[in-house]
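# Chain and residue survey
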Amino acid sequence: MTAVPESRWARLARPRVLITAVVAVLVATVTLIVLYSFLLDRMSEQVEQAQARSANLSNADREVQMLLQAVIRLDPGSDPAEIDLHRGVAIRQIVVSAGAFDADDPQVRELQDVQAQLQAFPWDRFAADRGRDEGLRQAAMELVTGCEKRVNLLRSAQEKQFYAVTTASLSANQRGQLALATLVTLVLGLGAGGIAVVLRRSRSDVARAYDALKGEVAERRLAEDALRASEGRFRSLVQRASDLTIVTDGQGVVTYVSPAVEKVTGHRPADVLDRSLLAHVEPAERAAVATAITLLAEQPGVVRTIELRLCTLDGRVRSIEAVCRNLVDDPDVRGLVWNGRDVTERRALESELSHRAHHDPLTGLPNRALLLARLHETLTAPGPGGDRIGVALVDLDGFKSVNDTLGHPAGDELLQAAARRLLGCLRKNDIAARLGGDEFAVMLHDQDRAQALTMARRIVDVLHEPFTVAGHQVTVGASVGVVLGTGGGTADDLLRDADIAMYVAKKTGKGRVEVFEPDMRIQASHRTRLQQELAWAVERGEIEVVYQPIVDLRTQRPELMEALARWRRPGQPAVPPDVFIALAEESGTINKIGHEVLQQACRAAREWRRLPGYADLGVAVNVSVHQILAGGLVDRVVAVLGEAGLPPTALALEITESAALGDSERVAAEFTLLQTMGVRLAVDDFGAGYSSLGMLTGLDVDSLKIDRSLLDFDTTRRGSLVMAIAELGHTLGLRVVAEGVETPGHLHRAREACCDAVQGYYLSRPLEGDAVAGFLTGWAAVDRRADLATPA
Amino acid sequence: MDTAVVAAVVAAVLALTAACGSAPSAASPPAVTVVRPPDTPAGSAPAAPTGEPVLTVSGRIAAAGGALRLDRAGLDAMGVLQMTVDDPWAKRRLPLRGVWLRDLVERARPDAAATTLHVTALDDYQVDLALADVRAQGILLATRTGDGADLPLEDGGPTRVVFADGLAERFSPDLWIWNIRTIEVR
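Residues numbered from 1 in each chain as written. Chains lettered and ligands numbered in written order. Predicted model: local features only at pLDDT ≥ 70, side-chain atom pairs only at ≥ 80, totals over all residues.

So, on to the environment of Phe101 of chain A. All names here are of chain A. On the secondary structure map, Phe101 appears in the loop between helix H2 (81-99) and helix H3 (106-120). Note: C-alpha distance between Phe101 and Arg53 (48 residues apart in sequence) is 7.3 Å. Setting aside residues no more than four positions away along its own chain, Phe101 makes contact with Arg53, Gln107 and Val108. (Helix = DSSP H or I, 4+ residues; strand = E, 2+ residues; numbered from the N terminus. Contact = placed C-beta atoms within 7 Å.)

This part covers the environment of Pro152 of chain B. Looking at the secondary structure, you find Pro152 of chain B in the loop between strand E8 (139-145) and strand E9 (160-163). Residue Pro152 of chain B is classed as partly exposed on the basis of its C-beta count, with 14 C-beta atoms lying within 10 Å. The spatial distance from the C-alpha of Pro152 of chain B to the C-alpha of Asn179 of chain B is 9.1 Å, given a sequence separation of 27 residues. If we ignore the near neighbours within four places in the chain, the residues touching Pro152 of chain B are Gly88 of chain A together with Gly157 of chain B. (Buried ≥ 20, exposed ≤ 12 C-beta atoms within 10 Å, placed from the backbone.)

Turning next to the pairing of strand E3 (residues 303-311) of chain A. All names here are of chain A. In the sheet, E3 pairs with strand E4 (residues 317-327) via nine bridges, with the strands oriented antiparallel. Of the residues in E4, the one forming a bridge with Leu308 is Ile320. Counted between consecutive antiparallel strands, the loop separating E3 from E4 contains five residues, among which Gly315 sits at a positive phi close to 85°. (Pairing = 2+ DSSP bridges.)

Moving on, we get to helix H16 (residues 518-539) of chain A. All names here are of chain A. Here H16 spans 33 Å end to end across 22 residues, near enough to the 32 Å set by a 1.5 Å rise per residue. Residues of H16 that are buried include every one of Leu534, Ala537 and Val538, and no others. With its buried residues spanning 90° around the axis, H16 presents them on a single face. In H16, the exposed residues that point more than 90 degrees away from the buried face are Pro518, Ile522, Ser525, Thr528, Arg529, Gln532, Trp536 and Glu539. Looking at the buried side of H16, the elements it contacts are strand E13 (543-552), strand E14 (557-567), helix H17 (577-587) and helix H18 (590-608). Residue Gly541 follows H16 closely and has a positive phi angle near 70°. (Expected span 1.5 Å × (residues − 1). Arc of directions from axis to C-beta.)

All names here are of chain A. With 13 residues, helix H21 (residues 665-677) ought to run about 18 Å at 1.5 Å a step, and its terminal C-alpha atoms sit 18 Å apart, in line with that. Listed as buried for H21 are Val667, Phe671 and Leu674. Considered in projection along H21, the buried side chains sweep an arc of 60° and stay on one side of the axis. In this structure, H21 carries Glu665, Arg666, Ala669 and Thr676 as exposed residues pointing more than 90 degrees from its buried face. The inward-facing, buried residues of H21 contact helix H19 (625-629), helix H20 (633-644) and strand E17 (680-686). Among the residues trailing H21, Gly678 stands out with phi positive, at a value near 115°.

Turning next to the environment of Gly760 of chain A. All names here are of chain A. By the secondary structure assignment, Gly760 is in the loop between strand E20 (757-758) and strand E21 (767-768). On the basis of neighbour counts, which here come to 22 C-beta atoms within 10 Å, the residue Gly760 falls in the buried class. Here the alpha-carbon distance between Gly760 and Gly740, two residues 20 residues apart in the chain, equals 4.5 Å. Residues within four places of Gly760 in sequence aside, it is in contact with Glu739, Gly740, Val741, Glu742 and His746.

On to unusual backbone geometry. Cis geometry marks the peptide bond from Gly157 of chain B to Pro158 of chain B, where omega comes out at 0°. Mapping Pro158 of chain B onto the fold places it in the loop between E8 and E9. Within the chain, Gln556 of chain A stands out as a residue other than glycine whose phi angle is a positive 60°. Its place among the elements puts Gln556 of chain A in the loop between E13 and E14.

Below, the discussion takes up the nonpolar core. Core analysis: the biggest nonpolar cluster contains 74 residues, and Ala601, Val619, Val621, Leu651, Ile706, Cys755 and Val758 of chain A have the highest contact counts within it. For this core, the element with the most residues is H18 of chain A, which contributes nine residues. Not counting residues up to four positions away in its chain, the partners in contact with Val619 of chain A are Leu560, Met561, Ala563, Ala601, Cys602, Ala605, Ala650 and Leu651 of chain A. Residues Ala60 and Phe126 of chain A together with Val119 and Ala164 of chain B belong to the second largest nonpolar core, which totals 68 residues. (Core = buried A, V, L, I, M, F, W, Y, C linked by C-beta atoms within 7 Å.)

Let us now look at the packing of H18 of chain A against H20 of chain A. All names here are of chain A. Viewed as axis vectors pointing N to C, H18 and H20 meet at an angle of 35°, and their least axial separation amounts to 9 Å. Considering only the axes of H18 and H20, their crossing is right-handed. Across the interface between the two elements, His595, Leu598, Gln599, Cys602, Arg603 and Arg606 from H18 touch Arg636, Val640, Leu641 and Ala644 from H20. Across the contact of H18 with H20, the residue classes break down as five nonpolar, two polar and three charged. (Axes fitted to C-alpha atoms, helices over the stretch in contact; angles between N-to-C directions. Left-handed = near helix turned anticlockwise from the far one by under 90°. Nonpolar A, V, L, I, M, F, W, Y, C, P; charged D, E, K, R; others polar.)

We now examine the confidence of the model for chain A. Residues and elements named next belong to chain A. Mean pLDDT for chain A: 81, with 86% of residues reaching 70 or above. Within chain A, no element has a lower average pLDDT than helix H6 (residues 203-240), which sits at 53, and none a higher one than E20, at 94. Predicted confidence is poor over residues 229-241, with pLDDT under 50, and the contacts of this stretch with residues over four places away or in other chains come to 16 contacts. (pLDDT = per-residue confidence, 0-100.)

Below, the structure written as structure tokens:
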């Protein structure tokens, strides 16, 4: 084909092609603008949604923290409705937080699970109890702490999400603007080209193109307005957010602060801008933050979480958890962006929780965990510290009965007072801790044996001074075990050895101090083994019951047989009764032994009462404090009597110990009930140890047994001590029994004192069960008047 | 052919535009049932509370003592309505019972110059509601659940402000305030 001159149509078609191209480009521009505004709309929707989620979770987290604080605070003096309020509001915020996610998001399931856990806890019981049950409080704290952690985890994840969406939205915005600018330039270029072409063609074409361009420009302006609007929306978002946003350059000089910065720190933006961020960081943290900034500034695009402790205008310090992002390469930022969140309250709560984990809530002293940690630190510290370290383990004597008789609040009060006194005995570097129950420990720093002993004795003395708790004056004692130096032992070894020494101190008499010796460890293991054997012996029924008669001095006939427990180990030496009873009381086996003895004695007594002349014979059974405090004594006695077919009047219970017993209303009520049934009560070992006058008046007993040790007391002018006590007993309307009558002299003294009955080797040794019937019939056959009337 | 392309593009743009802007749906009046008519005529002062007050209205009102304390019985005595709303926060359709906020406010007898209700929640969240909106719109103070139980804290109790269907466009979800403690007329 040769060059053909352009046809008229072809010439005409050129402006048409141009116009079509211009229109197409215009349409494309409009489409893009619409698409971008659509996209930006969606973006800012996402930003808003992410912010709403983050804010809701933040609220939920705060409310769960408030609940935790309420749980910690709850005590008998506070309003339990607070628990209800914070639980309710916290759950509401959790529901709302879940509502901000789509139904099938994993966060919803997590939040629902947290909600279910919070709802399942017995809050009513906890609130009604007002924190008295430390176990329940512990459970509540664990539950709420767990929930708080989970919510907080969701919150921080969501905040990262919010940050990412915001950044994405910003860059989309930028890309949109860039694309728009390119297209507009293109359109303008094309438009100008079109105009130039069309100008040559016709005026009307120009007018049309101009109109089209005008329309396009108007459209573009609209679209730009839309863009600006959505950008403005983002800005206002940042302005409104309660989180702090700070932008610094690579050296940490502040170039932008969000309004929240002033709200949190009190510093006006003008005082912060263009200065180093470090100026507002707590002086002690400055070096660390400076290093963090330098490191971060070297790595564009990297994100780090940095904790900033900012000084406020009024001199306080706020903890800000900041997510810091290096956007040095971003042309719009050219710096580090800090998105921070005020976590001061959270940190305070965390330190409170850690304090609680390491301290005893009652006395405020360090607990076992913290003491062990300190011991460990000192023992493993370089230098000669380990040999100069000691532990004094302090155990209160008689604390349990205060707790049991005056109630737990009184016991708590006593422990608090004891802790205060203990602290008063310490030297500068010593640490006192409460190990649990009535056990305290003191870590002794750099003390020699003499110093340690002096301190331990002081502790014993100050704790023996009377305490006033719940309006009562009570006296307890303390036994102290001391261990010094270690020879390479661990913290646990130290505590265990101190415990063994304390144990020896307690055994050899209360209110004593013992220093640990390696021998003690062997004795301690011997003791443990004996306790184990005793428990087995009880299981196998190897505890025997023997009976010693109590003889009425008026009728000169046995009136009661006292049942006594004996432990005979086959093939081994018998364990003396006082030793194994003490063992049994320590391990609690005494309850089983006591019950066993009661059963056997009642059955035996029923048989003896069939013997001629012994229809009124009774049986006396010892009851330990353990059995009384365990409760249900009346029920057990009634059951045993019923089973044995023995009338209650044939039973006498012998009790010892503890002046405080008389103060317990429950114990008094049980004894009164037993007496109403006809069971007799006797105070055993009167005049020795714990049995006291207070017990005689506090409990309405029937008789008292004068302790054997008193028979040996010779008093000078006006008769014996036995006589004085017998007179006292008679004045109170009690029967008086002299125990431990082993010689004619003892018997004489008992008669002289007008005792009503006597018991002891002089009359009869304790008898095996099957020997009793023989003894009784033998006694009846012989006239003992002479034996009993006159001393040999 | 050019024309066809242009037409297609224009059609696409039109379709997009249409998709972006959705026409607002016509608001139908909220479906409300009366569970219990008011005990006393509208606008009269409620009786002094005998139970534990759950809501206090204060500020520019003519009520005796400058504050109106309401217990549950006092709230119920204003009449109980039942309505179902869309909770934009919990994303749930929720049947609730309560009293029109306007009825409650009228009983507190606000000043002629009062313009705003400043509502504070137990967690110190606060919102301002324009009195004109409260008077003109279906804004309910919910006091009970759909089955008549006291509104528990977990569901936003003791009282909460909810908006009738169709008002979502006009009122931001931020105005849905729950766990309300006080209403101050300003």
